[in-house]
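Here is what each chain is made of, one letter per residue.
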Amino acid sequence: MAVATATATLSSSSSLPFHSLHQQFPSKYFIVRPITLSLSEKIPTRTTVTQSSELTKLPIRKIPGDYGLPLIGPWKDRQDYFYNQGKEEFFRSRVQKYKSTVFKTNMPPGNFISSNPNVVVLLDGKSFPILFDVSKVEKKDLFTGTFMPSTELTGGYRVLSYLDPSEPNHEKLKKLLFFLLSSRRDYIIPQFHESYTELFETLEKEMEKNGKADLNSANDQAAFNFLAGSLYGANPGETQLGTDGPTLIGKWVLFQLHPLVTLGLPKVLDDFLLHNFRLPPALVKKDYQRLYDFFYESSTAVLNEAETFGISREEACHNLLFATCFNSFGGMKIFFPNMLKWIAKAGLELHTRLANEIRSAVKSAGGKITMLAMEKMPLMKSVVYEALRIDPPVASQYGRAKRDLMIESHDAVFEVKKGELLFGYQPFATKDPKIFDRPDEFVPDRFVGEEGEKLLKHVLWSNGPETESPTVENKQCAGKDFVVLVSRLFVTEVFLRYDTLDVDVGTSPLGAKITITSLKRA
């Protein structure tokens, strides 16, 4: 039976012109083109569904799995998730056990921090997108999942990431971020070049001295300097913040996310310290105040605009800090090392192809990196999308059912009750073998060409399909196009400067730890 379909004219995708940042971040604030909706038949209500789904003829199946005994069940699942199995095996083993990509379990942290750890897990590319449909799921206070960090860590405010689109402040605050990106669009490419040239020079000096170089710490400083310069016109090194920004952010983020990570301590100590009680926000209050003072002093124009939207300068500043430090800096901190890991592992052939394509396009653009030049780099664009597919920087998404729902996987239909919490682990959804060939492999040219571009709707890193755009009505990342742009700039800058590189890959609480072992200059 036909169902409602929606198509939109998009502000950006790899299959559409990406000629200027003005197209992505228009003046004033982000403008969404009309979405056209066509309805051919009414979708049957729940009462019309009997032995099989009237939508797809798939069998209706009771959601498998259970939550175990109170206290014991959540604790046991937490031990498996962090220590006994690890994330990937935790989900994989349950898919095998229940013969289903939809099942019930508990998500960390569980007892004492989370009031209710019970979730319905969605692990395939067909069921997962319901998490983006705000007509069916609520997003209020679910950014970090089954618990919400104290608002003392964000100045007493519930910042944009925790707001549902139905809340009045959601539209105001998202418009403010669109304004920020729009008003600073001309500074992004030159500031990125400046900040990451400094990064490369730092790495080269360290390589010369030690024979190897730590990418992560240098990338953290470059990312923060880039964000401060491009979005606020500020140089942290010339302020009281100095070079302390990344360290202060790291401590502040840890106090928010400690229930969801491990630090490699002995198991009992690690679990006790991180997953059983909240670390006191007072311990990072002074650090946060230093960050807040920097952003307040650097964002006068944006704060002035916030007041025209009806947002106080104080609330606006806390939101700018969160969007810049948690969302944008956090994304660059995690994703750039992860992306370089995959590119380095792919070897010399890919490196040579990237270098040739990138250098040719830049030469044709008069020797400068431009939006138009990057549009003529199909392999580079595909590499970025493939890295976002195989290793998304934010792995988990949540949504609470607004009403009774019927959710489809590839194999069955499941009934979810109003109020149940849905959880999706994105790396499984974006490695769905029924959607992607060789899903566990990094395929650099996967998204090249017309057929490759059709797969972009299954790239979901931004809390929505890559073929759709953020609006004030949805929860898709306000900086979606910004993140894609800076990721493209990173790959472009690397292969303008270097022919090839080798790395050693380790682990950290928030992604890959990259040690560069060789760099061959162009």
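Note that the structure is predicted; figures quoted are calculated from it, not measured.

Novice: Looking at this structure, I do not really get the pattern of salt bridges. What am I missing?
Specialist: Working definition: two side chains of opposite charge can pair if their charged atoms are close together. Taken as a whole and assessed by the stated rule, the structure comprises 31 salt bridges. Measuring nitrogen to oxygen at the nearest pair gives 2.9 Å for the salt bridge that ties Arg78 to Asp271. In this pair, Arg78 is assigned in helix H2 (residues 72-84) and Asp271 in helix H8 (residues 267-275), connecting sequence segments 193 residues apart. Like Asp271, Arg78 is buried. Asp141 is the partner of Arg158 in a salt bridge, and the nearest nitrogen-oxygen pair spans 2.8 Å. Remark: Asp141 occurs in the loop between strand S5 (137-138) and helix H4 (168-183) and Arg158 occurs in the loop between S5 and H4; sequence separation between them is 17 residues. Judged by relative accessible area, Arg158 falls into the partly exposed class, the value being 25%.

Novice: Would you mind going over the confidence of the model for the protein chain with me for this structure?
Specialist: As a note on interpretation, predicted positions should not be read in detail where pLDDT is low. Looking at the protein chain, the pLDDT average stands at 91 and 89% of residues meet or exceed 70. Every residue in residues 1-54 scores below 50 in pLDDT, and together they form 112 contacts with partners more than four places removed in sequence or on other chains.

Novice: Before we go on, may I ask you to explain the sheet that holds strand S12 (residues 511-521) in this structure?
Specialist: Pairing between the strands of a sheet comes from backbone hydrogen bonds, and it takes one of two forms, parallel or antiparallel. Here we have three strands laid out as an open sheet, ordered S6-S12-S11, and antiparallel in their pairing. At either end of the open sheet lies a strand with only one pairing partner, and these are strand S6 (213-214) and strand S11 (498-508). Where S11 and S12 come together, 10 bridges link them in antiparallel fashion. By the bridge assignment for S12, Thr500 is matched with Lys520. Against the sheet, helix H5 (residues 188-210) touches S6, S11 and S12, its axis set at about 75° to S12.

Novice: Would you explain the packing of aromatic side chains in this entry?
Specialist: The way to describe two aromatic rings as a pair is by their centre distance and the angle between their planes. Within this structure, the stated rule accounts for 37 aromatic pairs. When the ring of Tyr81 is compared with that of Phe82, the centres are 5.0 Å apart and the planes differ by 85°; the resulting orientation is edge-to-face. With a relative accessible area of 6%, Tyr81 lands in the buried category. Lying over the aromatic face of Phe90, Arg94 brings its terminal NZ or CZ to 3.8 Å of the ring centre. Above the plane of the ring of Phe436 lies Arg389, whose end atom (NZ or CZ) is 5.0 Å from the centre.

Novice: I'm lost on the nonpolar core in this one. Help?
Specialist: Looking at soluble globular proteins, one finds that nonpolar side chains tend to be buried together. By size, the foremost hydrophobic cluster in this structure holds 112 residues, and its most contacted members are Tyr196, Trp252 and Leu354. When residues in this core are grouped by element, the largest group, 17 residues, is from helix H11 (residues 313-346). Non-local contacts of Leu354, meaning those with residues more than four positions away in its chain, are made with Ile343, Leu379, Met380, Val383, Val491 and Phe495. Judged by nonpolar contacts, the second largest core, of 19 residues, contains Val102, Phe132, Phe414 and Val416.

Novice: It is not clear to me how the pairing of S12 should be interpreted in this structure. Could you clarify?
Specialist: Relative to S12, S6 is paired through two bridges, and the arrangement is antiparallel. Pairing of Asp214 across the sheet is with Thr515, part of S12. Between S11 and the antiparallel strand that follows it, S12, lie two residues.

The rules behind the values
- Residue positions are given per chain, counting from 1 as you read along its sequence in written order.
- Owing to the predicted nature of the model, reporting of local features is limited to residues with pLDDT of at least 70; listing and counting of side-chain atom pairs is limited to 80 or more, with chain, interface and lining totals taken over all residues.
- Excluding hydrogens and water, the side-chain values take into account all heavy atoms of the structure.
- Salt bridges, as used here, are contacts in which a Lys or Arg side-chain nitrogen is within 4 Å of a carboxyl oxygen on Asp or Glu.
- We count a stretch as a helix when DSSP gives it H or I for four or more residues in a row; a strand needs E for two or more, and each element gets its number in order from the N terminus.
- Classification of residues uses two cut-offs on accessible area relative to the type maximum, computed with a 1.4 Å probe and protein chains only: under 20% is buried, over 50% is exposed, and between them is partly exposed.
- What pLDDT conveys is the predictor's confidence in a given residue, as a value from 0 to 100.
- In what follows, a contact means two residues having at least one pair of non-hydrogen atoms within 4.5 Å.
- Any two strands between which DSSP finds at least two bridges are classified as paired.
- Working convention: axes come from line fits to C-alpha atoms, limited for helices to the stretch in contact. Angles between N-to-C directions cover 0 to 180 degrees.
- Note on aromatic contacts: the rings of Phe and Tyr and the six-membered ring of Trp form a pair at centre separations within 6.5 Å, being stacked when their planes are under 30 degrees apart, edge-to-face when over 60 apart, and tilted otherwise.
- Definition used: whenever NZ (Lys) or CZ (Arg) falls within 6 Å of the ring centre and also within 35 degrees of the ring normal, the charge is taken to sit over that ring.
- For our purposes a nonpolar core is just a set of buried Ala, Val, Leu, Ile, Met, Phe, Trp, Tyr and Cys residues, chained together by side-chain atoms within 4.5 Å.

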